[in-house]
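# Coordinate inspection notes
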Amino acid sequence: MNPDPHEHDAALARLLSETGGEYAAVYRRLARAQPPRRLDRAVLGEAARAARGQEARGQRWRTWLGSAAGLVLAAGIAWRIGNEPLLAPRPQGAHDHAIQVEPITAPRAGHRQATPLDTAPARADARESAGHPPTSIDVDAPPRAATAPAKARQAQDATNTADPVEFGSRIAVIRQLLREGERAQAVAQLQALHAAYPAAPLPADLAALLDTADRAADQR
Amino acid sequence: MRLDDAAALPHAHCTMDERTDEDLMLAYAKGDLIAFEVLYGRHRAMLYRFLLRTLRNRADADEMFQETWSRLIRARARYRAQARFTTWLLQIAHNLARDRFRRQRPHLARAEAEAVLDRLAAPERDQPERVLSEFEQRRRLQLAMEELPPEQRMAFLLRVEAGLGLEEIGAVTGVGRETVKSRLRYALTRMRARFAP
């Protein structure tokens, strides 16, 4: 080895230059190894699970906050109801608030008056007295039926976001192939993706690429 | 059904491609999975080659590759945009590789190294008269890298594979600028010796 300091510095300057010098040029001609697909799947799967876990934690926190807020509200109402007679005695014969806002039927004779916290059972009792059997729907209010456009939108969303992890990772792989100049492979992957998710919208540039490839295939 | 309107896409890939690594990592830390996929697509090959050529063993490279991303995913909430994403990613990989070297025997058996070189051989589609010289150059470079101590090899790879400068290599490997220069000079001396007629 020749320990010429000038040559050392010159070689180092070439290595640190934009082109990287002669050894970087040889290095770039080595095989461009790629991670195997199973590693791609493993990493993307772990990233997806982590993102989903984060979302689930966020939802749990919101649920807890909602429950806590509900308890505070309920306690406040109970306190207010409990104090109400002391603050303003009701005139004789006056109905409770809960009865006033529930005009379906009058309460049965001898039946205890409902408090606001008993509203749902009270409604069930009221329906029972009106000749309707009590059902779980009476107790737990059913969600409002979706309108036709909303239903169509839900169906559309379900189709478009079908397996978003798989869809997104395959798009990323296709783009990587295009960047690396592997157009034929990218087109093949794109066609397979479109076949798997025919209703999912493709990015504009990939849709155009697919159209071009389809037209070329039709002409052959 | 195909839509040409990028705004109607479920995930805006077009704009994702234009975002910086740092923006994408911050977006993923907030739960945006597509941001991670774009980021992964950008760096997967570079990271894999860095690990494969550093560790010189495909099974180790596979394991370290997955572990690097796994640690990055677990630490996503701690990422701050002040640190360049590539530096952070390579820091994790470098630390894992260094720990592996400390645990393992210092060098692979010669036969094993030769097997790695064979597997990494480039496709033989060059002109026949160029194949020998091309092959010989690549082989000499591989052998020179093989002979380097791990820290010199990693410094060289961080330059030629990841394109990092002196300061960035120093940040990844946890040493000063002069130490990085010294390691690169050592690596170049070894290269010159290998390429000498």
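The structure displayed is predicted, hence computed values, not measured ones. (Residues numbered from 1 in each chain as written. Chains lettered and ligands numbered in written order. Predicted model: local features only at pLDDT ≥ 70, side-chain atom pairs only at ≥ 80, totals over all residues.)

### Topic: the overall build of chain A
This is how the line gets drawn: Helix and strand definitions follow DSSP, with helices as H or I runs of at least four residues and strands as E runs of at least two, each counted in order from the N terminus. Contact criterion: two residues are in contact if their C-beta atoms, reconstructed from the backbone, are within 7 Å.
Scanning chain A for helices and strands turns up 10 helices and 0 strands. In chain A, the succession of helices and strands from N to C terminus is α-α-α-α-α-α-α-α-α-α. For chain A, the proportion of contacts with a sequence separation of at least 24, taken over those separated by at least 6, is 32%.

### Quick notes on the environment of B:Met154
All names here are of chain B. Assignment of secondary structure puts Met154 in helix H8 (residues 150-160). Sequence separation between Met154 and Thr173 is 19 residues; the distance between their C-alpha atoms is 8.5 Å. The residues touching Met154, leaving out its near neighbours within four places in the chain, are Thr54, His94, Ala97 and Thr173.

### Things to note about the confidence of the model for chain B
All names here are of chain B. Let me state the cut-off plainly: Each residue carries a pLDDT value, the predictor's own confidence for that position, ranging from 0 to 100.
The predicted model of chain B has a mean per-residue pLDDT of 82, with 78% of residues at 70 or higher. Contacts from residues 109-131, a stretch scored under 50 in pLDDT, to residues over four places away or in other chains number 18 contacts. Scored as a whole, the predicted complex attains pTM 0.55, and scored at its interfaces, ipTM 0.79.

### Here we look at the environment of A:Leu193
Structurally, A:Leu193 can be placed in helix H9 (residues 183-196). Along the sequence, A:Leu193 and A:Arg170 sit 23 residues apart, while their C-alpha atoms lie 7.3 Å from each other.

### Focus: helix H9 (residues 166-173) of chain B
Residue and element names in this part refer to chain B. Spelled out, the test is: Note on burial: count the other C-beta atoms lying within 10 Å of the residue's C-beta; 20 or more is buried, 12 or fewer is exposed, in between is partly exposed, and C-beta positions come from the backbone. Here the arc refers to the set of directions running from the helix axis out to each C-beta atom.
If you check which residues of H9 are buried, you get Ile169, Gly170, Val172 and Thr173. Within H9, the buried residues cover an arc of 165 degrees as seen down the axis, which keeps them to one side. Where H9 is buried, its residues touch helix H5 (85-103), H8 and helix H10 (177-195). The positive-phi residue at the C-terminal boundary of H9 is Gly174, with phi of around 75 degrees.

### Quick word on the packing of helix H3 (residues 33-55) of chain B against H5(B)
Any two packed helices are characterised by the angle at which their axes cross and by the distance between the axes. Residue and element names in this part refer to chain B. Threshold: Axis angles are defined between N-to-C directions and span 0 to 180 degrees, where every axis is a line fitted to C-alpha atoms and, for a helix, only to the segment in contact. Note on angle classes: values under 35 degrees are labelled roughly parallel, values over 145 roughly antiparallel, values of 65 to 115 roughly perpendicular, and the remainder oblique. Here is the rule for handedness: rotate from the far helix to the near one, and if that takes an anticlockwise turn smaller than a right angle the crossing is left-handed, while a clockwise turn gives right-handed.
Contact pair H3 / H5: the axes reach a minimum separation of 11 Å and the direction vectors enclose 25 degrees. Comparing the axis directions of H3 and H5 gives the class roughly parallel. Between H3 and H5 the crossing geometry is right-handed. Listed contacts from H5 to His43, Leu47, Phe50, Leu51, Thr54 and Leu55 of H3 are Thr86, Leu89, Leu90, Ala93, Ala97 and Arg100.

### As for the packing of H3(B) against H8(B)
Residues and elements named next belong to chain B. Basically, it comes down to this: Classes in brief: Ala, Val, Leu, Ile, Met, Phe, Trp, Tyr, Cys and Pro nonpolar; Asp, Glu, Lys and Arg charged; the others, Gly included, polar.
Their axes nearest at 10 Å, the elements H3 and H8 cross at an angle of 155 degrees. One way to sum up the angle between H3 and H8 is to call them roughly antiparallel. Regarding H3 and H8, the two cross each other, and that crossing is right-handed. Between H3 and H8, the contacting residues are Phe50, Arg53 and Thr54 on the first element and Arg153, Met154 and Leu157 on the second. Each residue belonging to the contact of H3 with H8 can be placed in one class, and the counts come to 3 nonpolar, 1 polar and 2 charged.

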